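# Examining the three-dimensional arrangement
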Amino acid sequence: MSEALVVAQVEEQLLDLGLKRAAAVLPACVDWAAGQEATYVAFLQRLLEAEQEERHSRAMQARLRLANFPFHKTLADFDFSFQPSVDERQIRELATLTFVQECGNVIFLGPPGVGKTHLAVALGMEAIRQRMSVYFVTMQKLVSDLRRADQEGRLDRRLRVYTQPKVLICDEVGYLPLDALDAANFFRLVSERYERGSLIITSNTSFTNWGTLFGDQVLAAALLDRLLHHATTVNIRGNSYRMKDKLRAGVTHALSGTRDEANVCVGNESR
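Residues numbered from 1 in each chain as written. Predicted model: local features only at pLDDT ≥ 70, side-chain atom pairs only at ≥ 80, totals over all residues. Heavy atoms only, no water.

Naming follows an unreviewed UniProt entry, where the protein appears as ATP-binding protein of Alicyclobacillus mali.

## Some words on the layout of surface pockets
Volume-wise, the largest pocket comes out at about 360 Å³. Residue lining of the largest pocket: 18 residues in total, with Gly113, Gly115, Thr117, His118 and Arg242 positioned closest to the centre. Broken down by secondary-structure element, the contributors of at least two residues to the lining of the largest pocket are helix 6 (116–129) and strand 3 (167–173). Ranked by residue count, the leading element in the lining of the largest pocket is helix 6, at 3 residues. A breakdown of the residues in the lining of the largest pocket according to their chemical character gives 6 nonpolar, 5 polar and 7 charged. Taken as a whole, the second largest pocket holds about 170 Å³ of empty space. In this structure, the second largest pocket is lined by Arg63, Leu66, Ser133, Val134, Tyr135, Arg160, Val161, Gln164 and Pro165. Secondary-structure elements contributing two or more residues to the lining of the second largest pocket are helix 3 (40–67), strand 2 (134–138) and helix 8 (155–163). Looking at side-chain class alone, the lining of the second largest pocket contains 5 nonpolar, 2 polar and 2 charged residues. (1 Å grid on protein atoms, 1.4 Å probe; cavity = no way out; pocket = protein on both sides within 12 Å on 5 of 7 lines; lining within 4 Å. Points joined across faces, edges and corners; volume = space filled by probe spheres on them. Helix = DSSP H or I, 4+ residues; strand = E, 2+ residues; numbered from the N terminus. Nonpolar A, V, L, I, M, F, W, Y, C, P; charged D, E, K, R; others polar.)

Next up, the structure:
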């Protein structure tokens, strides 16, 4: 039997076993093994590594889809020089995800546009890269979803969507006040995730105002007690990234105006 025929048969066997990537790279691996005079074990390892990498890539893409991110951004995309209030070393330490292993939380506080959501998503992306389950949801969508589930008598089942992921990112906490039912549902979620999974929260509201936000000082205190027990709080103070280009354009315009005024002065002196 010719080598080409044997390779074709092995390709079919690999496909029957569901090893599509291994089947695709088989001819190239055969050529590599012949050229390198590789052992059978080295040849098999190279073939299986290709299949493994493909499966890991597919799994990561699936986790990314399930994570429900509003965008895909990493720490490499974050401009630390524009936001000096952010301690880059602290963020890099958080990106090791030790806090996830310890079922801790991360809370980003600051005004709109300073990069809270970007950093939250970047940590979520790193968690996915490390094969953890992640889910992203805005506070408004979360409480609306739980309210509807509660009204339909399926709250327990729906809560599992938010309690099962290793990392839950809850964005925009504090933009709208909550009524008693929504506050109670959120408290239950936080309680059920307490020391079982990690929360990453972004908020524009300081902790001292959470009593007003949740409409109940006692509930807010109990909520913060659970959230902050194992938590890192990152306070961000600075300009909005959405104004970044406009700010830079304003500086350029100001400099241009200064140069124009200087030219006018020179021109007046020459006359």
